Structure formats: C-alpha cells, structure tokens
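Now for the letters of each chain:
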Amino acid sequence: MLSPADNEILTLTGPGTAMGTLFRRFWMPVALSDEIAAPDSPPCRVQVLGEYMLLFRQTDGQIGLIEPKCAHRGADLYWGRNEECGLRCVYHGWKYNAQGQCVDIPNMRPGAARDNMVRSVQLKTWPVQEAGGLVWAYLGPPELQPPMPALEFCKVPPGARYVSKKLQECNWAQSLEGAVDTSHFSFAHQVLPGAANAREVYDDDRAKWIRDDGAPDYEVLDNPVGLSMGGARMAGPGLRYWRISQFMLPNHSLAPAAMAGETFTGQTWVPVDDENCWIYTYAWNPDRELNEAELERYRVGRSVHAIVDENYVPLRNRSNEYMIDRQLQKTSSFTGVTGLSEQDACIQDSQGRIADRAREALVPSDAGVIRFRKLMLAQAKALAAGQEPPAAQRPDAYCLRSGGIVTAEGKPLEDVMVERFGHPYGLAQTAPASTAE
C-alpha cells in the first residue's frame, strides 16, 4: 500500500510535479513516425505530461515540435498550412519553421518594422529525434538534455521491428504496474481448458506452467537504469521456468515471454495527463527481419499490440466495456475479453482513473510492483532534493533484453540472468549497430 501523499507523487506528472519533473529529465516518444511520414503532411496534435504541443514535418524533412498557438492572436496552428518549409497560420498568414522561428508576417507592409517583428517572434520548441519508428522529444531543461536511450529496438533495421501505439484510459503507473506483475498471466490471459483452442494452447509447455503455478517466486535485482525482475514457476521435477522482465527509468518495460531465438517485445508508457496515457508497443528481432506470420499476428491483435481506430483508440475500450462476452468467459476465456492488450486495459482501467493504493493487500508475488514504486518514488524525491537521475546519462545501459528460460531449481536470479543473456542484468551482448531511420 501507499500513503495518499506518495500515491500522488507516483501518479501526477504535470508541470511542477515531482514525477513530472523526473519524466522531463528523459527522452520519451510523442508520436509514431508514420503520423507525420511525408514532408508537408498535416500537423499532429501532441499532449504529453499535461502539456499541449504541435508536431510537423516540413518540406525538407526537418521535424518541429512547437507550442500550438500563433504568436499573433493565439489561433491554433493545428489548422495551419504546412507548406514551403513552414507552418502558416490560416488566420492572418504568419508562418513558422521547425525551429519555431517566425519567417513571414504577410499582414504587415514590407519594411524595417516587419523585418524586426519577424526576427523577434519565436515560439517555444522542444528537441526531437527519430528512432525506432517513433518521434522522441525532450521536455526538460535545455542545459540538462541527456543522450537518447539506446533501446535495442531502435538499433535494428526497420524490417526487424514492428511498432504501434494505443490510448489507455487510466493513469500511467497502474498500467505499467501490469508489466512488472508476472503472476497475473496465470489468470487474466488464460484460455480455459474447455475452450476450442485449448489443445493448441496447452500443447505449449510454457502455457501449462503459467496456468498451473499462479504464485511464482519473485526476485528483483537493481540494474544501472532500473530493475531486472524474474518470476520462477514450477516446470517439472527439479526445474523452474523463469520469466524475466526489465523496467527502465522512467517508463519502459520489456516483456518476459521470449525464449532464446524468439522475437522480443516491450512497451513505453507516456502520460497524456494524469488520467490517460499513450502506450507505445514494439516487437523486434536482433537477428532477422520479422516474418509475415508475426506481422499478421501484430496487425490483428493476437499479441501485445492492440487493434485501434484511426485515432489510436482501441476498438475494445471503456465506452463499450471492452466488448466483454460473458458466455466466452464461462467457456473459453478467463476474462471474456479478446486480446492480451485489451485484457490488461480492462482490468487496469477498472482500478479507477487513478488507483487508490492505500487499501491494497499485497502479497509476495507483488514484489515487482513494490520495487517499481519504491524506485520511482526514490528517484522523484531525490530529484526534488537536487540529485539528478544517473540513469539519464547511461544510454548504453538501456540496451537490455528480457525473456524466458528453463533452468535447474535452486539458482538465484543473478545466475539465471547470465545463463539466459550472458550478462548479469541482461545487457545485449550481440546488439546490432545503430541504423538510420
């Protein structure tokens, strides 16, 4: 459980809040590159950490992330014309480039006064970079701008990854907590034994081990940028099935499913405001391009990627009760909700827009959730006391991997990490060289 004061620190990310200040020390995704794929394409509204911005790609390919209000009389530049290396307000024609500099004021007569006015008008901007099929932004103090985190999915060729985005209608922290909670896989994502596809599912030993052992033994290790977490389930006499996830400050998590040679998956949670968040989901393989069967699974939601509409809102959401099928719940699905992502959202959203953590009754398998909260609170409080987060200056330490392995029982997580990844906290040992977008 958390006190109301600590719950507020954990969950609130707007300007001036402790957690919001911590988030602003790191780069975070603000859009898919596909949202502004073409030069002079329509601008894209962005709301992150309670702040409103406008993203656009100008004629020469440069990307700008600017405040959305025209300096003249406050018209919203979202309605502007993206043309000839600038965004032009449709109210009186004022034009701004990707650096936020005004470059034209056509409703003034030419001359020194207009030239001086053009030079003096500057919109607020934020640094942006493209990596991994995403547009990333840094919203913190310019003098403290850190290097980009070297997440492995950003380093592989485009054909070796798949990225998506969805809206979730709850606070960022309770959604992310689902990623560091391995025990819920034994319940929320289960196919019932009598289901039509049960034979297909339970012919997979991993599904059986998850179904049959809902109380995994959990261990958590510190790493230079967050936490390495492992849950061990029984996998036959003398064997344990470990599912290892990674949490990386302030808002990244890698999923625990991939066995050796399989495709990795991860997610990044970006608060829209205190009651909604964007989840950027990525799958990547460092050794090969993704095949058509994998891509089709991602497109149709048979994975951690959700099916969304043109606004990236999941088709199964709060407004339609996630299309829960109570008959399916009786016969085939533990939740009655279709889709891994949707199953998570249904339960996490049900905790409230911001979960009340003061009344929880936690158990040993909640160790990952507990350690996540402690770390985030400690980091936010340390920054409020003047100590900058060291992880922001450790970009290479973000090149981590997660996944599963079957080992002999009795091994501590430190040894399992080395056996699975060749490194004590899962740093990629054969990471691909960075590739251009």
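For the structure, see preceding data.
Since the model is a prediction, treat every value here as computed from it, not as a measurement. (Residues numbered from 1 in each chain as written. Predicted model: local features only at pLDDT ≥ 70, side-chain atom pairs only at ≥ 80, totals over all residues. Heavy atoms only, no water.)

Engineer: Even after reading the chapter, I still don't get the overall build of the protein, so can you show me in this structure?
Structural biologist: Within the protein one finds 11 helices and 18 strands. Its C-alpha atoms give the protein a radius of gyration of 23 Å, near enough to 22 Å, the size a compact globule of 437 residues would have. Looking at the protein residue by residue over its 437 residues, the buried ones come to 55%. Here the contacts in the protein between residues at least 6 apart in sequence split such that 63% fall between residues at least 24 apart. Looking at the protein as shown, the accessible area adds up to about 18,800 Å², and 53% of this sits on carbon and sulfur atoms. (Helix = DSSP H or I, 4+ residues; strand = E, 2+ residues; numbered from the N terminus. Rg over C-alpha atoms; globule rule 2.2 N^0.38 Å. Buried < 20%, exposed > 50% of the residue type's maximum accessible area, 1.4 Å probe, protein only. Contact = heavy atoms within 4.5 Å. Areas by Shrake-Rupley, 256 points an atom, 1.4 Å probe, with all protein chains shown as cover.)

Engineer: Hey, could you run me through the pairing of strand β16 (residues 264-273) in this one?
Structural biologist: On any regular strand, side chains alternate: one points to one face of the sheet, the next to the other face. Counted residue by residue, β16 has nine buried out of 10 residues, so it is predominantly covered. Summarising the sheet, strand β15 (residues 252-254) and β16 pair through three bridges and their orientation is antiparallel. Looking at the pairing, His-252 lines up with Thr-268 of β16. Taken together, the nine bridges between β16 and strand β17 (residues 276-284) define a ladder with antiparallel strand orientation. If you follow Phe-264 over to β17, its bridge partner there is Trp-284. (Pairing = 2+ DSSP bridges.)

Engineer: What's the story with the packing of aromatic side chains in this structure? I'm lost.
Structural biologist: Applying the stated criterion to the full structure yields 12 aromatic pairs. For the pair Tyr-78 and Trp-79, a centre-to-centre distance of 5.0 Å together with 80° between the ring planes defines the contact as edge-to-face. Taking relative accessible area as the criterion, Trp-79 reaches 57% and is therefore assigned exposed. Through successive ring pairs, a cluster of aromatic residues spans Phe-23, Trp-172, Phe-247 and Phe-372. Directly above the ring of Phe-185 sits Arg-243, whose terminal nitrogen or CZ lies 4.2 Å from the centroid. (Phe/Tyr/Trp six-rings, centres within 6.5 Å; stacked < 30°, edge-to-face > 60°. Lys NZ or Arg CZ within 6 Å of the ring centre and 35° of its normal.)

Engineer: What should I look at first to understand the nonpolar core in this one?
Structural biologist: Soluble, globular proteins show a tendency: their nonpolar side chains are buried together. Ranked by size, the top nonpolar core spans 75 residues in total, and within it Val-48, Leu-55, Trp-136, Trp-172, Phe-247 and Met-376 carry the most contacts. A total of eight residues in this core trace back to one element, the largest contributor, which is helix α10 (residues 367-384). Those residues in contact with Phe-247 that sit more than four places away from it in its chain are Leu-176, Val-180, Asn-223, Val-225, Gly-226, Leu-227, Met-229, His-252, Ser-253, Phe-372, Leu-375 and Met-376. In this structure, Cys-70, Tyr-96, Cys-102 and Val-121 belong to the second largest nonpolar core, which totals 15 residues. (Core = buried A, V, L, I, M, F, W, Y, C linked by side-chain atoms within 4.5 Å.)

Engineer: Sorry if this is basic, but what is going on with the pattern of salt bridges here?
Structural biologist: Pairing is possible between side chains of opposite charge, provided their charged atoms come close. Counted by the stated rule, this structure contains 22 salt bridges. With a shortest N-O distance of 2.5 Å, Lys-411 and Glu-419 are connected by a salt bridge. Where salt bridges share partners, they join Arg-81, Glu-83, Arg-88 and Asp-104 into one cluster. (Salt bridge = Lys/Arg side-chain N within 4 Å of Asp/Glu carboxyl O.)

Engineer: I tried to follow unusual backbone geometry on my own but got confused; where do I start?
Structural biologist: Negative phi values dominate among residues other than glycine, just as trans dominates among peptide bonds. Residue Pro-250 is reached from Leu-249 by a cis peptide bond, and omega for that bond is -10°. Secondary-structure assignment places Pro-250 in the loop between β14 (239-248) and β15. Unlike most non-glycine residues, Glu-84 shows phi in positive territory, near 45°. The phi angle at Glu-321 is positive, at roughly 55°, despite the residue not being glycine. With relative accessibility at 57%, the residue Glu-321 sits in the exposed group.

Engineer: What am I meant to see in the sheet that holds strand β9 (residues 128-131) here?
Structural biologist: Note on sheets: strands pair through backbone hydrogen bonds, and any given pair is parallel or antiparallel. In space, the three strands of this open sheet follow the order β1-β10-β9, with antiparallel pairing throughout. With one partner strand each, in any of the chains shown, β1 (27-32) and β9 form the two edges of the open sheet. Direction aside, neighbouring strands of the sheet carry axes that sit 35° apart on average. (Axes fitted to C-alpha atoms, helices over the stretch in contact; angles between N-to-C directions.)

Engineer: Whenever I open this one, the sheet that holds strand β3 (residues 51-57) confuses me. Can you help?
Structural biologist: Spatially, the three strands line up as an open sheet ordered β2-β3-β4, and their pairing is antiparallel. Edge positions in the sheet fall to β2 (44-48) and β4 (63-66), since each of these pairs with one other strand and no more. The sheet shows a mean angle of 25° between the axes of neighbouring strands, direction not considered. As paired strands, β2 and β3 are joined by five bridges and run antiparallel to one another. Bridge pairing links Gln-47 to Tyr-52 in β3.

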